Amino acid sequence: MIFRRQLPDPAREAMSPVIFLDPSGRRWQKIQVATAALAALLLVGILIAIPHLNDTPALSATNSHLGPPLTSDTTGKRVPVVGEGPLVRVLKVQRDRGQIFGVDPATEGVVATFTPADAQRIEQSGYVIQRFGYSDAAQRTISLTFDDGPDLKWTPELLNLLSAEKVPATFFATGTMIARNPEIFQREVREGHAVANHSLTHTDVSTTSSWRARLELTVTDHVIRAVTGKEVGYFRLPYEGDDEESTRAAIEGILRSQRYGYLVASHDFDSDDWRYASHELTGEMPLPELNGQNVTVLLHDGGGTGREMTIDYVRRLIAYGKSQGYTFTTMPDVNPWLADRVFDVRPTIWDKLTLNLVQLWFVWPSVLLRALFVIAVTFMVVIGLGNCVIAAVRRHRRKSIVWPSATENPQSVSVLLAAYNEEQIIDRTLRSVLASKYPLAEVIVVNDGSSDGTASRVEEIARRDPRVHLLNQENTGKAGALNAGLAKVSSEIIVTLDADTLLTPDTVGHLVRHLAADTTGRLGAVAGVVRVGNRRRNLLTRWQALEYLTQIGVERAAQDVMGAISIVPGACAAWRKAAIQEVGGYTEVTLAEDCDLSLSLHRAGWRVTQDDEAFAYTEAPETVDALLNQRVRWTFGSLQAIWKHRDLLFRSRYGLLGWYVLPQYAIAIIIPLVFLPFIVFMGIRTAQEQGIDVVLFYFMLFLAAHLIIAAVGIVLMGEKWRHLWMVPVYRVIYEPLRAYLLYTAVYMAVRGVRAGWNKLARTGTLDTGLATVPQPAQPAVATVGMTER
């Protein structure tokens, strides 16, 4: 039978605006204007802040000026080292009347007079590195110094020990660790310890670029000011040593520190605690020789593992030093040059802003990454494996169900499908439908304005089988075509499928049996199991086959137990006509008409279930372009549907759909959308800083979870184990694909553009064993054409 239908009234269509559509473009214009304004404000803020963030607090505190840009190229790299003490500076050599003096390069003032022994070492050099420090009053003192903290675990334990022993110490902290643990750093100051600058990120300021060296020093200075209210104008070089060669090698860092107003602190005795902790050295850590001299000891309270050895060593050293009549002091207590560089200050807004920026860059990303990791583990491992358990229990329970025979009191069933330019495969699809073992009242094909021979192919089949009816109409889209067919069906139960879908002879019967057995009359839809019919074509189709398997066999099966199936696929489903009509039929406001209809059924109080034996085979995209077109439509349509039904979220009346499934979808959209660039950046940064092994570990963790989920899906769906080979490929393809789809869909939504259907170009390929479709179950009968206007 052949019908013809005209287009619907445009005025009626205008009453249901398409979700996100903004034909005027005003929304996009407003967004562009707002973005430009925010960018301009940000730029102005940056231009205002840069001079304040890039200043030199150590120079400002002493009313000094930026020193001359001396480098090792000016001074020479083989500069002699003279003197003793825990402080280091580079001086310009001045000779006058047989005397040799040391001149501060910044102030041009004489700060040292060298002994004849020193003069002999200096010879004709124009510059000298001088070690100095300790006041004349300092006698038999030990200055404990700790680098690389404050550490969340070890520094509090160390502070407890020092407090119990009433021993002060000096902590050279990195800016990132101060920002990470400001309360511990404040405790150090509160308990009477000295604190100082050890760079921002423990970078070798002797070898890094000049601008980076300045950043490492001044930013940490701002951080210290913000956290403690103190200006500390001295600094210890990362990787510095106390021997002559190490000191000489650090001349570039010393020069840079001096230029920015910092006095460089060193040490007399290196405990090598980090080497013992890493087992580079073995045995007991040696104590310094205490022969009446002053000693500054280098230790570490952060920057590595095994710091319990350091704490044990400090305990031994304190007992040994006290037994030898030594006094423990901070470095400023015995080095007046350092004490003169410490001031109480009121932290400025720029100090606090610097602290916030350091936390934003170095601290919060780690915290956020851990939170995202917990969410990812929850989604992939906890929820994924939980769905596996639920799906497995569901399958076990369903084994005990005894379904009545399809031939016993069969229900009247109509099959409905929309077709647009399906000439190549429509006859094969109809043959699979007509071969159904379950009796069919009618098969209605809505030809949605096809420009090829689709109509003639359907007419040819209709002439042989009276159950087939053709409805011709101008193109309105899939939802409009299905609504047109819905108006013509005569049965209360409707089976829908796509024009490329092949059914097995048992599919209709398996779908309908749930509706037939429903005694409440509130079962609105039954979802079937869609499989990829051209799986063996290439890697892309195999990947899609795995995706269908896990999402239908595990995720949707678990949703069925929860009464929260969110998508009943239009490609294979049975519906109660009254349910579709109650919610207003298929809407044209989204591209995901099946998702929209499914959520509408839940809203209206209808139940939805799934039959695991109602198989259908569909033709999946075989090229990247075709896949992207299809998935953009799916993603955008799902986004439209979820937005349309957003009021279902966290509503008790919708059960786990509102409290579990839809929030899960929302999180799966929002988190990648907002944080994916950050996750990619942190992944690259982690690989650079900690090695690719760390990234591979997390990849393998999620890969293992996916393997388990896929294995459960294979068992539940009775599929082949060869699908597991695609799991590693799936992980590699899925994340970039999801990123592209999400950003594309959101961009389209924000722009308010009208999204096209992007119909898949059919190839007609099939490799599932259904390539030879059974002949129709009913005898061929001639048909009579009808025209409706």
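Each remark here, short or long, concerns the structure printed above.
This is a predicted model, so every value here is computed, not measured. (Residues numbered from 1 in each chain as written. Predicted model: local features only at pLDDT ≥ 70, side-chain atom pairs only at ≥ 80, totals over all residues. Heavy atoms only, no water.)

Observations concerning the packing of aromatic side chains
For step 1, the next point in the chain: Taken as a whole and assessed by the stated rule, the structure comprises 14 aromatic pairs.
For step 2, the next point in the chain: Ring geometry for W361 versus F681: centroids 5.6 Å apart, planes at 55°, classification tilted. With W361 in helix α16 (residues 349-398) and F681 in helix α25 (residues 655-690), this residue pair connects regions lying 320 residues apart in the sequence.
For step 3, the next point in the chain: Site record: aromatic cluster; members linked through ring pairs are F373, F697, Y698 and F702.
For step 4, the next point in the chain: The ring of F132 carries the charged tip of R89 above its face, separated from the ring centre by 3.9 Å. (Phe/Tyr/Trp six-rings, centres within 6.5 Å; stacked < 30°, edge-to-face > 60°. Helix = DSSP H or I, 4+ residues; strand = E, 2+ residues; numbered from the N terminus. Lys NZ or Arg CZ within 6 Å of the ring centre and 35° of its normal.)

Points about the packing of helix α2 (residues 26-53) against helix α27 (residues 727-751)
For step 1, the next point in the chain: One way to put it is that α2 packs onto α27 with a least axis distance of 7 Å and a crossing angle of 105°. As the angle between them shows, α2 and α27 are arranged roughly perpendicular. Contacts between α2 and α27 involve R27, W28 and I31 from the former and Y747, A749, V750 and R751 from the latter.
For step 2, the next point in the chain: Residues that form the contact of α2 with α27 fall into these classes: five nonpolar, no polar and two charged. (Axes fitted to C-alpha atoms, helices over the stretch in contact; angles between N-to-C directions. Parallel < 35°, antiparallel > 145°, perpendicular 65-115°, else oblique. Contact = heavy atoms within 4.5 Å. Nonpolar A, V, L, I, M, F, W, Y, C, P; charged D, E, K, R; others polar.)

Comments concerning the side chain of D465
For step 1, the next point in the chain: Tracing the chain through its elements places D465 in the loop between α18 (454-464) and β19 (468-473).
For step 2, the next point in the chain: Of note is the side chain of D465, whose polar atom sits 2.9 Å from the side chain of R467. (Polar contact = N/O pair within 3.5 Å; in protein donor to acceptor, adjacent residues only side chain to side chain.)

Overview of helix α26 (residues 692-717)
For step 1, the next point in the chain: For α26, which comprises 26 residues, the first-to-last C-alpha distance of 37 Å matches the rise-based estimate of 38 Å (1.5 Å per residue) to within 8%.
For step 2, the next point in the chain: Along α26, the positions that sit buried rather than exposed are F702, L703, A705, H706, I709, A710, A711, V712, G713, I714, L716 and M717.
For step 3, the next point in the chain: Looking one or two residues beyond α26, the residue adopting positive phi is G718, at roughly 65°. (Expected span 1.5 Å × (residues − 1). Buried < 20%, exposed > 50% of the residue type's maximum accessible area, 1.4 Å probe, protein only.)

Description of α27
For step 1, the next point in the chain: Helix length check: α27 (25 residues) gives 35 Å between terminal C-alpha atoms against 36 Å at 1.5 Å per residue, within 8%.
For step 2, the next point in the chain: The sharpest bend along α27 comes to roughly 25°, located at Y734, with the proline P736 sitting one to four residues further on.
For step 3, the next point in the chain: Within the span of α27, buried status applies to V727, Y730, R731, L737, A739, L741, L742, T744, A745, M748 and A749.
For step 4, the next point in the chain: Where α27 is buried, its residues touch α2, α16, α21 (539-562), α24 (624-644), α25 and α26.
For step 5, the next point in the chain: Where α27 ends, the next residue or the one after it, G752, has phi of about 75°, a positive value. (Bend = angle between axes of the 7 residues up to and from the residue.)

Honestly, that's just the spatial picture; any functional story needs more than this.
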